[in-house]
Amino acid sequence: MSWQGIMDFKKRAQFVLVHALFVVCITANYGVCELKANKSATLSVDASSQSGRKIPDTLFGIFFEEINHAGAGGIWAELVSNRGFEAGGQNTPSDFSPWTIIGDETTVSVGTDRTSPFKRNPVALRVQSNCDADACPSTGVGVYNPGYWGMNLENGKGYKLIFHIKSLDSVDISVSLTNSDGSQTLATNNIVASASDVSDWTKVQFEFVPTGSATGGRLQFITRRKGVFWLDQVSLMPMDTYMGHGFRKDLLSMVADLKPRFLRFPGGCYVEGERLWNAFRWTAAVGPWEERPGHFGDVWNYWSDDGLGYFEFLQLAEDLGAAPVWVINNGVSHQDSVNTANIASWVKDALDSIEFARGSADSTWGSVRASMGHPEPFTLKYMAIGNEDCGKNYYTGNYLKFYSAIKNAYPDMNIITNCNALGTTLDHPADYYDFHTYTTASSMFSQKNVFNSAKRSGPKAFVSEYAVWQSDAGKGSLLASLAEAAFLIGLETNSDVVEMASYAPLFVNDNDRRWNPDAIVFNSSHVYGTPSYWMQQYFRESGGAILNPATIQSDSSSLAASAITWKSPDNLECLKIKIVNFGSDAVNLTISMSGLTNSIDTPNSFTTVLTSSNVMDENSFSNPTKVVPVQTPLTNANSQMHAVIQPHSITSFDMALAQTSYAADM
Ligand code: AHR
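Sequence positions are assigned chain by chain, starting from 1 and proceeding in written order. pLDDT decides what is reported in this predicted model: residues at 70 or higher carry local features, side-chain atom pairs at 80 or more are listed and counted, and totals for whole chains, interfaces and linings draw on all residues regardless. Side-chain measures were taken over the full set of non-hydrogen atoms in the model, leaving aside hydrogen atoms and water.

Moving on to the overall build of the protein chain. Of regular secondary structure, the protein chain possesses 12 helices and 35 strands. Principal-axis analysis of the C-alpha atoms gives the protein chain an extent of 85 × 60 × 40 Å. In the protein chain, the share of contacts with a sequence separation of at least 24, taken over all contacts with a separation of at least 6, comes to 76%. Of the roughly 24,200 Å² that the protein chain leaves accessible, carbon and sulfur atoms contribute 49%. Once the 47 positive and 66 negative side-chain charges of the protein chain are each reduced to a mean point, those two points are 3 Å apart. Where helices and strands are cited, they refer to DSSP runs of H or I of at least four residues and of E of at least two residues respectively, numbered from the N terminus. In this analysis, two residues are considered to be in contact whenever any of their non-hydrogen atoms come within 4.5 Å of each other. A 1.4 Å probe and the Shrake-Rupley method give the accessible areas. Residues count as covered only by the protein chains that appear here. Under the convention used here, Asp and Glu are negative, Lys and Arg are positive, and both His and the chain ends fall outside the count. The location of each charge is read from NZ of Lys, CZ of Arg, CG of Asp or CD of Glu.

This is the structure we're talking about:
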């Protein structure tokens, strides 16, 4: 989305309100500004090409973890929860929730049996109707699935239903999409078959187009005929998904707007597992969806059917134009560690995963990828060996085995160690070292300087998880985003030694908050960004840009600033200056630019401010745009500019550097 596009209808309304104040504040004569500025600052920017340094293309990306139902019941658009009936375990009887019976114990009995057409998913649902015709309630008896806290069913949109059914008798089942209590049918279809037609497992597939909408909808199977039928692998997918690859469009467009340069996946702790047998295993998460066993993620404590598997992550990275960063389990979980002497099969598994991504379509694993619709290899160049495992039993020994086997087979693979090399020298080889920081706002603000003292040679830093948390952040405060923005400015400045950085966690389904704060909040039908999400939009042009020297002189110690020169998609040169005011005083700012080779195209230059009346303000479903960037024309764009920087704010000055048609059309 372009900067212009940031302003949806609501924000345009906000723009009108804020504009009045802002044009007064951004003026050559800042003395007339209504904001009282107690502090002053001069920001000197050297925009000459010879003094700039290229920022790595990869600097800002995203970290996706299956946490907070970010994937299952999140970006993966599957609407049926527990679609294979394995969530209660592979032994029967097991809990088949959230499937729920329609009827009562006299008219219907429902349970689980080990009678599936799919070897790795033995459990199926048995539905026994004990009533016939008029003896059955008029609404019928059966089961429904409410999805992940309600299915979002939209009027006129297409939904593809697939399920597998078996019965000893003839069947007459009506399959419907309904509102939350089943009182309103939005779409329906009947399955009528003789016993011989369904005596073996039979795959049924059709398309629904609801004639109404429901955000808390459900899928139901009901009958008024006595008999038993079994269901297995029931999937309902919206047909309109991001790039047609199965991802929720509304959530992915938020991600795409960040223009991420890499995608780290599938998690942090999720990769490790509390116990190894519950960790994510990629071989169980590729191939036909019906045959994936799914697994219980025992760190964040929920079941995933693994519809969002290794292939889908690689596809997503490709769709976003982001480099995949594959975090692999190295035989270490939170509670157990495989002895290095026994690690060979884990290393082989890692090599196989690379073959899956990069091998030719006729290689063993490349052919599986090709059968899934991607004969061309994916570009996989980054692998992290474990997550937060440095210092745990066998980590270094296992790491070395992975490192040498991978480098031997794939010398161009960049390997990321869990051991921090900041201020120390690693005892093992690595291309990158992982750096995580979750801290208070003031500490995050100070950490803008943390890489100033890093050794300028050796492995580069990958800040794969950063966030302000706990009381300073709540569920996502402005305060947190300001400190994080200052931290990221520090990373830009140190991007000779820091090559990658991502906020964590990216997503939370509001119905299952396992971790606060997060960048993007959603439920079945709505989504909003926290201030930390919007803060990241200030950095989306930085990857591959030129960092221009920028120095601040001020009586405030609460400022952080940077300047970059970057090329717009239509190849126009642009200058972006960002300044964070972490303090509660407004600041009279003078920006002094030298070395400009082109004149500033004032009509196509603008200012964008993220702030709010209270630094602890958050966005919410009821007020999703309380704290969002507000854009205004930059009326005084000049090599000497004056502006009043608001307290507790992030401000950017975006300037087109020639007479062009670039920039805002507001
Ligand atoms: O981002 C949430 C968790 O924080 C990650 O799973 C883990 O790597 C870190 O401890």
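Cross-referencing UniProt, the feature "domain: Alpha-L-arabinofuranosidase C-terminal" (unreviewed entry) maps to residues 464–649 in the present numbering. Secondary structure within residues 464–649 divides into 12% helix and 38% strand; the distance between the first and last C-alpha atoms comes to 25 Å. UniProt positions are given in the numbering used here, feature names are shortened, and annotations may be inferred rather than shown by experiment.

Take the confidence of the model for the protein chain next. Known as pLDDT, the predictor's confidence for each residue is given on a scale from 0 to 100. Across the protein chain, the average pLDDT comes to 93, with 94% of residues at or above 70. In the model, residues 660–666 has pLDDT below 50 throughout and makes 24 contacts with residues more than four positions away in sequence or in other chains.

A separate point is the pairing of strand E10 (residues 171–178). Buried residues are those whose accessible area, probed at 1.4 Å on protein chains only, stays under 20% of the maximum for their type, while exposed residues exceed 50% and partly exposed ones sit between those limits. Taking burial as the measure, the eight residues of E10 include seven buried ones, the bulk of the element. Here eight bridges tie E10 to strand E11 (residues 185–193), and the two strands are oriented antiparallel to one another. Its bridge partner being in E11, threonine 178 is matched across the sheet by threonine 185. Only strands joined by at least two bridges in the DSSP assignment are considered to pair. As consecutive antiparallel partners, E10 and E11 are separated by six residues, and within that stretch glycine 182 has a phi angle of approximately 80°, a positive value. Examined bridge by bridge, E10 and strand E13 (residues 214–223) share six bridges and lie antiparallel to one another. Each residue of the ladder has a partner; that of threonine 178, found in E13, is arginine 218.

This brings us to empty space enclosed by the protein. Note on definitions: the grid is 1 Å and covers protein atoms alone; a cavity is a set of points where a 1.4 Å probe fits but cannot get out; a pocket is an open set with protein on both sides within 12 Å along at least five of seven lines; lining residues have an atom within 4 Å of a point. Grid points are joined across faces, edges and corners, and a volume is the space filled by probe spheres set on the points. Overall, the coordinates contain eight cavities of 30 Å³ or more when judged by the stated rule. Counted as a void, the largest cavity has a volume near 100 Å³. If you trace the largest cavity, you find 13 residues lining it, with Phe60, Gly61, Leu258, Gln536 and Phe539 closest to the centre. Per element, the largest residue contribution to the lining of the largest cavity is three residues, and it comes from strand E23 (residues 498–503). Gly counts as polar in this scheme, as do all residues outside two lists: the nonpolar Ala, Val, Leu, Ile, Met, Phe, Trp, Tyr, Cys and Pro, and the charged Asp, Glu, Lys and Arg. When grouped by side-chain class, the residues that make up the lining of the largest cavity number nine nonpolar, three polar and one charged.

Okay, the pattern of salt bridges next. By definition, a salt bridge exists where a carboxyl oxygen of Asp or Glu is found within 4 Å of a side-chain nitrogen of Lys or Arg. Per the stated rule, a full pass over the model turns up 28 salt bridges. One salt bridge in this structure joins glutamate 154 and lysine 157, with 3.5 Å as the shortest N-O distance. On the basis of relative accessibility, which here comes to 32%, the residue glutamate 154 falls in the partly exposed class. Taking relative accessible area as the criterion, lysine 157 reaches 32% and is therefore assigned partly exposed. Residues aspartate 352 and lysine 348 are paired through a salt bridge, measuring 2.9 Å at the closest nitrogen-oxygen approach. Of this pair, aspartate 352 and lysine 348 both sit in helix H7 (residues 344–358), separated by four residues, roughly a single helical turn. You can call aspartate 352 buried: its relative accessible area is 13%. Taken together, the salt bridges that share partners define one network made up of Arg540, Glu541, Lys576 and Asp654.

Strands sit in the order E24-E25-E26 across an open sheet of three strands; the sheet is mixed. In this open sheet, the two strands that pair with only one neighbour each are strand E24 (507–509) and strand E26 (527–529). With direction set aside, neighbouring strand axes in the sheet form an average angle of 20°. Relative to E26, strand E25 (residues 520–522) is paired through three bridges, and the arrangement is antiparallel. The residue of E26 that forms the bridge with valine 521 is tyrosine 528. For helices, the fitted line uses only the C-alpha atoms of the stretch in contact; every axis is such a line through C-alpha atoms, and the angle between N-to-C directions lies from 0 to 180 degrees. Against the sheet, helix H4 (residues 249–256) touches E24, E25 and E26, its axis set at about 15° to E26.

This brings us to the site of the ligand. Throughout this document, a residue counts as near a molecule or strand when at least one of its heavy atoms sits within 4 Å of that molecule or strand. Every residue lining the ligand is accounted for by Glu65, Gly268, Cys269, Trp300, Asn387, Glu388, His436, Tyr438, Glu465, Ala504, Pro505 and Trp515. A distance of 2.9 Å separates an oxygen atom of the ligand from a polar atom in the backbone of cysteine 269. Separating an oxygen atom of the ligand from a side-chain N or O atom of glutamate 465 is a distance of 2.7 Å. Expressed as a share of its isolated accessible area of 280 Å², the protein-covered part of the ligand is 94%. For the shell around the ligand, the class distribution of residues is six nonpolar, three polar and three charged. Nitrogen and oxygen atoms within 3.5 Å of one another constitute a polar contact, given that in protein one can donate a hydrogen and the other can accept it, and given that sequence-neighbouring residues count only through two side-chain atoms.

It is worth spelling out helix H6 (residues 310–320) at this point. Working note: α-helix, 3.6 residues per turn, so residues spaced by three or four point in the same direction. The buried fraction of H6 amounts to 10 of the 11 residues, a majority that puts the element mostly inside the structure. Regarding H6, the residues found buried are Tyr310, Phe311, Glu312, Phe313, Leu314, Gln315, Leu316, Ala317, Asp319 and Leu320. Where H6 is buried, its residues contact strand E3 (62–63), H4, strand E15 (262–265), strand E18 (323–328), H7 and helix H8 (364–371).

So, about the state of the cysteines. Here, a disulfide means two cysteine sulfur atoms that sit within 2.5 Å of each other. Under the defined criterion, the tally for this structure stands at two disulfides. Two residues, cysteine 390 and cysteine 419, share a disulfide whose sulfurs are 2.0 Å apart. Between cysteine 390 and cysteine 419 the sulfur-sulfur dihedral comes to about 100°; the bridge is accordingly right-handed. Of the two residues, cysteine 390 sits in the loop between strand E19 (382–385) and helix H9 (395–409) while cysteine 419 sits in the loop between strand E20 (414–417) and strand E21 (432–439), which places them 29 residues apart along the sequence. For cysteine 390, a relative accessible area of 38% translates into the label partly exposed. What connects to what in the protein chain, once the bonded cysteines are numbered by sequence position, is 1-2, 3-4.

What follows is about H9. A rise of 1.5 Å per residue sets the reference length of H9, with its 15 residues, at 21 Å; its end C-alpha atoms lie 21 Å apart and thus fit the reference within 8%. The set of residues buried in H9 consists of Tyr395, Asn398, Tyr399, Phe402, Tyr403, Ile406 and Lys407. An end-on view of H9 places all buried positions within 150° of arc, on one side of the element. Where H9 is buried, its residues meet E18, H7, E19 and E20. Take the residue count of a helix, subtract one, and multiply by 1.5 Å to get its expected span. Here the arc refers to the set of directions running from the helix axis out to each C-beta atom.

Counting through the fold element by element, glycine 307 comes out in the loop between strand E17 (302–304) and H6. A relative accessible area of 2% places glycine 307 in the buried class. For the pair glycine 307 and asparagine 190, spaced 117 residues apart in the sequence, the C-alpha separation amounts to 27 Å. Leave out the neighbours within four places in its chain, and glycine 307 touches Trp76, Arg83, Arg292 and Glu312.

Looking now at the sheet that holds strand E22 (residues 460–468). Spatially, E3-E15-E18-E19-E20-E21-E22-E23 is the arrangement adopted by the eight strands of the open sheet, whose pairing is parallel. Each having just a single partner strand, E3 and E23 make up the two edges of the open sheet. As defined by bridge partners, E15 adjoins E18 across four bridges and the pair is classed as parallel. Across the sheet, the residue bridging to phenylalanine 265 is tryptophan 326, located in E18. In the packing of helix H11 (residues 478–493) onto the sheet, the strands contacted are E21, E22 and E23, and the crossing angle to E22 comes to about 170°.

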